[in-house]
Each structure stands twice: as structure tokens, then as C-alpha cells.
Amino acid sequence: MSKFIFPLSKGFCFFLVLFLFSHSFAITETEVLEWFDDGLIETIEVYDFLELLENGNDEEAEALAFFLGLLEKEKMPKRTPKKFQGSFSSRLSLDSSGNIISHKEELLLKFSAWKFRGDNFGRWLLAYQKDNYEAIGGYLNDSDIKFLFPLQTIPGSWIAFHNSIFSLGGLLGTNQSYAGMLKLWKLRFWVLNMKSENTLAFDFSDKEFSFAILHILEQEKNLFRMETNFNGGKFYKWNLRGLFFFHQDSLDQYWLDLPQSVKSSKLWTSQSQNINLKNVSFSLEERIRIPLDSGNVFYGLNFKIQKKKGTFRFLSALAYKNSSTEQNLFTFRTEPAFLFSDLLFFGKLQHNFYNEWQHIPKFSLGFKTENNLFFHCKMEFIFPEYGASDKRPYQFRNEAGIKTEQIAINLKFHWKRKPKKEWSPNRFGIEGKIFF
């Protein structure tokens with residue numbers, strides 16, 4: 001019994017020391033590996049996330065997680081508007097030996113029409129935006145210039161003029177990189193030269209739909225991107241969102257910061273349909289990948305019904321996927337939960353149906369705080385599929401944090417225990433943010 005309580009008591013002591021610092025606003029490597037452990041993403045998708053995080057592209061990682069149905073867009077805490085405001089954030093991930101997997105620090109300052117951003121990757125940005133004019137200098141990314149295709153960070157400067165009908169912008173970067181943009185209504189035309197590689201782009205975007213084409217002139221390569229996000233319903237709310245990439249040739253342009261799964265696929269899609277009734281929501285999620293180098297098609301389908309509010313809650317899901325390595329794999333998940341006071345007690349059961357289905361399913365038990373805007377914590381014991389072994393250890397996850405108008409911190413600790421062994425740390429992650 002003492003061995004079982006060991007991670008609970010020691011984990012409590014550890015995060016209570018750091019209690020005054022936590023809530024996560026960005027994806028961490030620890031969270032990505034948890035998604036993989038839970039069977040929510042594939043190996044290639046793990047590499048996609050880790051590559052984006054390693055390059056410091058948090059916005060691209062969060063967008064990918066959103067379209068894969070792993071995250072919901074949350075409202076940020078309301079803060080009192082100030083003429084001068086800023087934040088400093090730090091994120092750290094450690095392995096079981098205490099070695100640093102990754103870390104990132106970022107400083108953001110805003111004063112009147114000026115904005116400064118800098119991080120430990122050596123990248124900085126200074127921007128001036130007022131009325132219809134903007135000027136940005138430093139290390140630019142695709143979101144800074146509102147380019148719909150993900151780009152590697154470009155050192156340079158961007159100057160633009162915007163109004164409701166007409167916009168004009170220009171990028172002058174280092175290493176022979178430049179771009180020009182002309183916008184008429186909701187249509188934008190781009191001329192780019194990245195490392196002497198001439199490229200044309202066109203995009204159309206509004207609140208619910210965007211479409212973009214990228215054409216690399218010398219190599220005659222095309223890349224198509226489409227994004228949808230439709231909402232409607234009077235007596236119920238429904239949402240249809242999706243992200244689609246299509247290309248027929250290998251894309252080895254390093255200045256394009258596409259996930260590896262997109263680069264290696266002719267067609268890459270992730271879409272979901274959601275219907276929210278008063279107490280229950282239904283969703284259908286589809287993922288399709290058609291690799292460039294083979295005729296194998298990866299297809300994933302996930303149907304779930306969920307009750308998110310009330311004393312009794314539940315989630316039930318049935319997923320199907322096929323690939324070159326696992327044919328016709330069905331997964332059943334159920335997550336009942338009970339709210340008592342401010343604690344939500346939950347259980348999870350996941351059963352994978354391979355060629356044979358009579359085996360011990362993966363299940364877990366835990367609790368987390370609910371309706372507490374200041375402090376949150378979560379604890380979960382996980383019992384592996386097929387039973388515990390050296391390759392499939394028991395797992396324990398604990399998480400705690402706080403968030404206020406001035407400070408936010410989140411701490412995650414992941415333990416594991418092999419049969420007849422002691423509990424040992426597996427992964428650790430912490431993220432803190434100070435607002436001023």
C-alpha cells in the first residue's frame with residue numbers, strides 16, 4: 001500500500017513547493033506524449049508536434065491540435081486594459097533522469113501602438129500598428145504577415161497599409177527573401193522569392209471559409225490549403241470545421257514549415273461535425289492521409305457522445321482506423337464522471353479490438369477540481385492494456401496550478417512503475433506566466 005501511495009504523497013509535496021506559480025497556455029512535450037499514451041494521435045503526429053515545439057512554433061502546434069480535435073479554444077482570462085502591458089512566460093520539460101528535453105522563455109511587451117516580442121531562440125520582433133498602417137521588423141512568422149501557409153521564421157521587415165477594401169504590403173528579408181501582397185476585398189495575391197525560389201500564392205478568406213493556392217514556379221509544384229469553420233442552429237448549436245492540404249509532388253522547401261505528415265501525404269484532412277443540444281453533444285471526427293510514396297490510405301473515424309455538465313457526466317466514443325501497419329482497428333472509450341462538491345471523480349476505459357479482442361482493457365481512475373477559477377489539480381492512476389509488464393508499466397499523472405490576473409503556472413508530473421519495482425519519475429513539465 002505504501003508503494004502505491006508513494007507517487008501521490010511525494011508528488012503532492014513537489015507541486016506544493018511550486019504551488020504559487022501555475023496554468024498552461026501552450027502545448028508542452030509532456031502533453032503531446034500523454035496524447036500518444038492515450039492513443040489519440042499516431043507516431044507521425046507526435047513527430048509533427050515535437051518538431052513544431054522544438055522550433056518554437058507554438059501557434060502552429062495549437063492550431064494542429066485544434067483541428068485534430070485534441071483541444072478546444074478556451075477564453076483567456078479577462079485582464080484590465082492598460083496603456084502598457086506585457087507578460088513573461090517560461091516552459092520547461094524534463095525526462096526521467098532530470099535532463100532538459102526542451103525549454104522556452106518569451107517576453108511580450110505592448111505600449112500604445114508598439115509591440116515587442118522576444119524568446120530564447122534568439123528571435124525578436126518590434127511592431128508598430130496604428131490606424132491603417134503597420135511596420136514590423138525582426139524575426140517574422142506567417143501569422144505576423146497573415147500568410148495562410150506555415151512559414152519558417154524569416155528575419156526581415158514588413159510594411160503594410162490596410163483598409164476595408166484595399167491592402168498593400170511588402171516583406172524584405174535576409175538571404176534574398178522578399179514578398180509582396182495585394183489585397184482586394186477578401187482576395188489576396190502574393191509574389192514571393194524565398195532563397196531565390198520564385199513562388200506565387202493566392203488566397204480567399206472570411207470568417208467561415210478560407211482557400212489558398214501556392215505555386216512554385218521553377219519546379220511547377222502546387223500546394224492547396226482549405227479551412228472551414230461553419231456555425232449555426234436555433235434550437236441547437238452545430239459546428240463544422242476542417243483543414244485540408246493537397247499536393248502531388250514532394251515538398252522539400254525548407255522555408256515551408258509544414259508538418260511532416262502533410263509533406264509526406266498527397267491528401268491530408270482533418271474535419272469534425274459537432275451538434276450541441278442542451279445537455280448532450282454529438283461529434284463525428286474524420287482524419288484521412290494518402291501518402292505520396294504508396295497507395296496505402298490511412299483513415300480514422302471517431303464518433304462520440306458527451307455530457308459535459310451536471311452532477312453525472314460521461315463520454316462514450318467508438319473509433320475506427322486503418323493503416324499499413326494496423327488494419328481494421330476499432331477502439332471503444334468510455335469516461336463516466338461524478339461531481340461532488342468541487343471535485344470531479346472520473347474513470348476511463350479504453351479497449352482496442354485487434355485481430356483478437358479478449359484481453360484486459362486499459363483503464364484509469366482519478367479526480368480533478370471543478371469550478372475553481374484560481375486553483376486546479378488533477379490526479380490519475382492508469383492501468384495498462386493487457387496488464388502490467390516491464391514494457392507496459394503502471395502510470396500515475398498529477399497536475400496542479402493556479403491562475404490569477406497577474407500570474408499563472410501549471411505543473412505536470414508523470415510517474416511509472418514496473419511490476420515488483422518502485423515508482424520512478426517518467427516525465428515532468430512546468431509552465432509559468434507573469435502578467436504586468
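Coordinates for the structure precede this section.
Asker: Run through the overall build of the chain, naming residues and quoting values.
Answerer: Helices and strands together make up the secondary structure of the chain, namely 6 helices and 25 strands. The 436 residues of the chain split such that 43% are buried. Pairs at least 24 residues apart make up 42% of the contacts formed inside the chain by residues separated by at least 6 positions. If you sum the accessible surface of the chain, you get close to 23400 Å²; carbon and sulfur atoms cover 61% of it.

Asker: Let's hear about the pattern of salt bridges: which residues, and what values?
Answerer: Tallied over the full model, the rule gives 17 salt bridges. Notably, a salt bridge pairs R287 with E45, separated by 3.4 Å at the nearest N-O pair. Within this pair, whereas R287 is found in strand 15 (residues 281–291), its partner E45 is found in helix 3 (residues 43–54), the two being separated by 242 residues in sequence. A salt bridge links K304 to E285, with the shortest nitrogen-to-oxygen separation between them at 3.8 Å. Here E285 lies in strand 15 and K304 lies in strand 16 (residues 298–307), a separation of 19 residues in the sequence. Of the two residues, K304 and E285, both sit in the buried class. Beyond isolated ion pairs, a larger network of salt bridges with shared partners links D38, K348, K362, E380 and R397.

Asker: Just give me the short version of helix 4 (residues 58–67), but keep the residues and values in it.
Answerer: For helix 4, the full list of buried residues reads D58, A61, L64, A65, F66 and F67. Among the residues trailing helix 4, G69 stands out with phi positive, at a value near 75 degrees.

Asker: Help me get a handle on the side chain of T269, residues and values and all.
Answerer: Looking at where T269 falls in the secondary structure, it is placed in strand 14 (residues 265–276). Given the relative accessible area of 6%, T269 is considered buried. Sequence-distant contacts of T269, defined by excluding residues within four places in its chain, comprise L243, F244, E286, R287 and I288.

Asker: Let's hear about the nonpolar core: which residues, and what values?
Answerer: Grouped together as the largest cluster of nonpolar side chains are 45 residues, with contacts concentrated most on F49, F147 and W158. Counting residues per element, this core draws most heavily on helix 4, which supplies 5 residues. With near-sequence residues (within four places) excluded, W158 lies in contact with E134, A135, I136, L140, I145, G169, G170, L171, M181 and W190. Counting 11 residues, the second largest nonpolar core, distinct from the first, contains L94, M379, L411 and W423.

Asker: Describe helix 3, and please don't skip the residues or the numbers.
Answerer: The terminal C-alpha atoms of helix 3, which comprises 12 residues, lie 16 Å apart, in line with the 16 Å expected from a rise of 1.5 Å per residue. Buried within helix 3 are the following residues: E45, V46, D48, F49, L52 and L53. Around the axis of helix 3, the buried residues are gathered within 155 degrees of arc, so they sit on the same side. Opposite its buried face, helix 3 presents the exposed residues Y47 and E54, each directed more than 90 degrees away. In the core, the buried residues of helix 3 are packed alongside helix 2 (29–37), helix 4, strand 1 (84–94), helix 6 (260–263) and strand 15. G56 lies just past helix 3 and shows a positive phi near 80 degrees.

Asker: Requested: an account of the packing of helix 3 against helix 4, with residues and values cited.
Answerer: At a minimum axis separation of 8 Å, helix 3 and helix 4 run at an interaxial angle of 155 degrees. Compared by their axis directions, helix 3 and helix 4 come out roughly antiparallel. The interaxial crossing formed by helix 3 with helix 4 has left-handed handedness. On helix 4, the residues that touch D48, F49, L52 and L53 of helix 3 are D58, E60, A61, L64 and A65. Residues that form the contact of helix 3 with helix 4 fall into these classes: 6 nonpolar, no polar and 3 charged.

How each quantity is defined
- The numbering scheme is per chain: residues are counted from 1 as the chain's sequence reads.
- Two thresholds apply to this predicted model, a pLDDT of at least 70 for residue-level local features and 80 or more for giving and counting side-chain atom pairs, whereas whole-chain, interface and lining totals are computed over all residues.
- No hydrogens and no water enter the side-chain calculation; it runs on all heavy atoms of the structure.
- Each helix corresponds to a stretch of at least 4 residues labelled H or I by DSSP, and each strand to a stretch of at least 2 residues labelled E; elements are numbered beginning at the N terminus.
- Whether a residue is buried, partly exposed or exposed follows from its accessible area with a 1.4 Å probe, protein chains only, as a fraction of its type maximum: under 20%, in between, or over 50%, in that order.
- Only heavy atoms enter the contact rule, under which two residues are in contact if any of them lie within 4.5 Å.
- Per-residue and other accessible areas were derived by the Shrake-Rupley procedure at a 1.4 Å probe size, with only the shown protein chains allowed to occlude residues.
- A pairing counts as a salt bridge when a side-chain nitrogen of Lys or Arg comes within 4 Å of a carboxyl oxygen of Asp or Glu.
- As used here, the term nonpolar core means buried Ala, Val, Leu, Ile, Met, Phe, Trp, Tyr and Cys residues forming a set that is joined through side-chain atoms within 4.5 Å.
- Residue count minus one, scaled by 1.5 Å, sets the expected span of a helix.
- Our arc is simply the arc of the directions from the helix axis toward the C-beta atoms.
- For every element, the axis is a line fit to its C-alpha atoms; helices are fit only across the contacting stretch, and the angle between N-to-C directions ranges from 0 to 180 degrees.
- In this scheme, roughly parallel covers angles under 35 degrees and roughly antiparallel covers those over 145, while 65 to 115 is roughly perpendicular and the rest are oblique.
- Handedness of each helix crossing follows the sense of rotation of the near helix against the far helix: counterclockwise by less than a right angle gives left-handed, clockwise gives right-handed.
- Think of it as three bins: nonpolar holds Ala, Val, Leu, Ile, Met, Phe, Trp, Tyr, Cys and Pro, charged holds Asp, Glu, Lys and Arg, and polar takes everything else, Gly as well.

Interpretation note: all reported values are geometric properties and have no functional meaning in isolation.
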